[in-house]
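Tertiary structure, described
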Amino acid sequence: MHRSRILLTSFVVLFLAIKAFAQTQRSETWQNSYTGSDAHGPHVLGYWKFAPGTATADSSGKGHALTFDGARATEGGKRDGALESFPGIPVEDRRHAALAAAHPALSPKGAFSAELWMKPGVNLTPALSPFLLDKKYVAHTDYQWRLSAADQGGARRMQVSLGFGEDSETMHSEPFQPRTDWQHVAFTYDGAGEVRFFRNGAPLGIVRRPGRGPVAPGKHVLSIGDRVGSSYAGFPGLLDEVRLCARALEFRPVAVEFRAERRTWLRMEKAEPVGVVVRNLSEAAAGKIELRVSVEGLGEKNFTVPALAAGAATEVAYPFDTSLRPDTYRLTARLEMASEPPFASEERADFVIAPRPLPRMPVMMWGIGGPEIVRKEMPRLKDLGFTHCLGGSADYGAIWAAKKPVQPWNDEGVRETKAMLDFALANNFGIAFALSPGGWLKERAELQRVNRLGAPYATRPDVN
């Protein structure tokens, strides 16, 4: 894929110098049975452990007791008891589930997470696509979580369907081999279009649907281990410690992530090394960690990460070779840590080397607006013959109020701007930035205050 260049004014340097830092979130202690606030805190919507003698109880204390219909409590769970479910169609079209009565609290109002331990049985045949949780059924409400049928190599994907009232979205994880041992699986939804998948704490893919909000509340029961209604598709095996929470939780005990101001460079451009950050998200110290960083098909570089205290992080520098031919390159960071179960995690990111451009006469399009609009309109601008446009914006009100140099936009705006600059460079399109000083800045600030909800990049009525 050929990528190209961007011309940056001195204002762009300001954007590239700003770093957006994500808040560090503690990893859940999923390796052990949850206790204390992790079991019955206000964010826990329901927690079902299927323990002998209290197999139907909701351990969160929220009162969502279960009834069994076709499924049953059994011994041999992850720690004590478990729920045993059975296959539906084509074996038997009948329900095999544990059911929690419909209740508004089981329909999250924003971000939420679902997790459980599963042990697939030998009767999980390749053609079956069993349900783990279902509160959606045929409605455009709530949520549904299942495993896909197996591919020719035996791999499956987690599949999450979310209902938004008038329609639904379905997201899939990366493929994995389900095996027949106990394993922890989870998904999170941030309430704003992003679903993340995890297996034994390792990330298993991120799917984004921009513009989505919270799921719409529905009236179905919560079915554990099968679909709410026919055609039934029970989970052939054991399920244990099912927990539903009203937060997008973190399940990685140790995380690896890339830190890079840019992800697109011109060929032979001098590029700052890509930072590879390893962060301990657990409450205990992390032992020796092996880290391998590689560009697909071009070998790898190995690092030994020292022991990390709880919450600590370290960073290694990976020099990206910009002498490679122009193309898109996938950088992979894989870490492995001795633990029980053994932990391995990978993160991937695409980086672009764009061809060095030929000289050209700039043809400038006056202001387009913010980053999202630039990305949307760029194909049309190029088709019309433009080579550049004004493409920046800022929080004029905050700048005016500060009366000193400040970050021009909030963290999300800065991230979107950087992504737009990479996109433009890769598509041989120039972006010029200009923030007008003086009275215009003050007037823009007032207009932006008035139009903040509907027009975040408002301009003066007499200027276009």
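Every chain begins its residue count from 1, and numbering advances along the sequence as written. Local features in a predicted model are, by the rule used here, given only for residues with pLDDT of at least 70; side-chain atom pairs are given and counted only at 80 or more, and totals for whole chains, interfaces and linings are based on all residues. Derived side-chain values reflect all non-hydrogen atoms in the structure, with water molecules and hydrogen atoms excluded from consideration.

Strands are treated as partners if at least two bridges between them are detected by DSSP. The helix count covers DSSP runs of H or I at least four residues long, the strand count covers runs of E at least two residues long, and both are numbered beginning at the N terminus. On the basis of which strands lie adjacent, the open sheet formed by three strands has the order β24-β25-β26 and parallel pairing. Sheet topology places β24 (364–365) and β26 (430–432) at the edges, where each strand pairs with a single neighbour. Pairing of strand β25 (residues 388–390) with β26, which is carried by three bridges, proceeds in the parallel orientation. Note on β26: the bridge partner recorded for Leu 390 is Ala 432.

Here the distance between the centres and the angle between the planes together describe a pair of aromatic rings. Any two rings among Phe, Tyr and Trp, with Trp reduced to its six-membered ring, count as a pair given centres within 6.5 Å; such a pair is stacked if its planes are under 30 degrees apart, edge-to-face if over 60, and tilted if neither. In this structure the tally under the stated criterion is 13 aromatic pairs. Consider the rings of Trp 30 and Trp 117, whose centres lie 6.0 Å apart with planes at 50°: the pair is tilted. A residue pair is termed long-range when its members are at least 10 positions apart, and Trp 30 in the loop between α1 (10–16) and α2 (37–40) and Trp 117 in strand β6 (residues 112–120) qualify at 87 residues. Working definition: with a 1.4 Å probe on protein chains only, accessible area under 20% of the residue-type maximum means buried, over 50% means exposed, and in between means partly exposed. By relative accessible area, which is 3% here, Trp 117 ends up buried. Here Trp 265 and Phe 320 contribute two aromatic rings whose centre-to-centre distance is 5.2 Å and whose plane-to-plane angle is 35°, an arrangement assigned as tilted. Note that Trp 265 is positioned in strand β17 (residues 264–266) and Phe 320 in the loop between β21 (313–318) and β22 (327–337), a separation of 55 residues in sequence. Accessibility classification places Trp 265 together with Phe 320 in one group, the buried group. Taken together, the ring pairs in this structure connect Phe 112, Tyr 143, Trp 145, Phe 164, Phe 187 and Tyr 189 into an aromatic cluster.

The next subject is the side chain of Asp 422. Mapped onto the fold, Asp 422 is located in helix α5 (residues 411–426). Buried charge Asp 422 goes without a salt bridge, the closest partner of opposite sign being Arg 262 at 4.8 Å. Charged-residue counts in this description rest on Lys and Arg as positive and Asp and Glu as negative, His and the chain ends being excluded. Think of a salt bridge as a Lys or Arg side-chain nitrogen and an Asp or Glu carboxyl oxygen that are within 4 Å of each other.

Further remarks concern the confidence of the model for the protein. Every residue carries a pLDDT, the predictor's confidence in it, which falls somewhere between 0 and 100. For the protein, per-residue confidence averages 87 on the pLDDT scale, and residues scoring 70 or more make up 88% of the total. For residues 1–23, every residue scores under 50 in pLDDT, and the model assigns this stretch 69 contacts once sequence neighbours within four places are set aside. We call two residues in contact whenever any of their non-hydrogen atoms come within 4.5 Å of each other. Counting contacts from residues 450–464, a segment whose pLDDT is below 50, to residues more than four positions away or on other chains yields 22 contacts.

It is worth spelling out the pairing of strand β8 (residues 143–147) at this point. Where burial is concerned, most of β8 is hidden: five out of the five residues are buried. Residue alternation in β8 divides its side chains into two sets, Tyr 143, Trp 145 and Leu 147 and Gln 144 and Arg 146, and both sets are buried. Bridge analysis of strand β7 (residues 131–134) against β8 gives three bridges, and the strand direction is antiparallel. Considered in β8, the bridge of Phe 131 is made with Arg 146.

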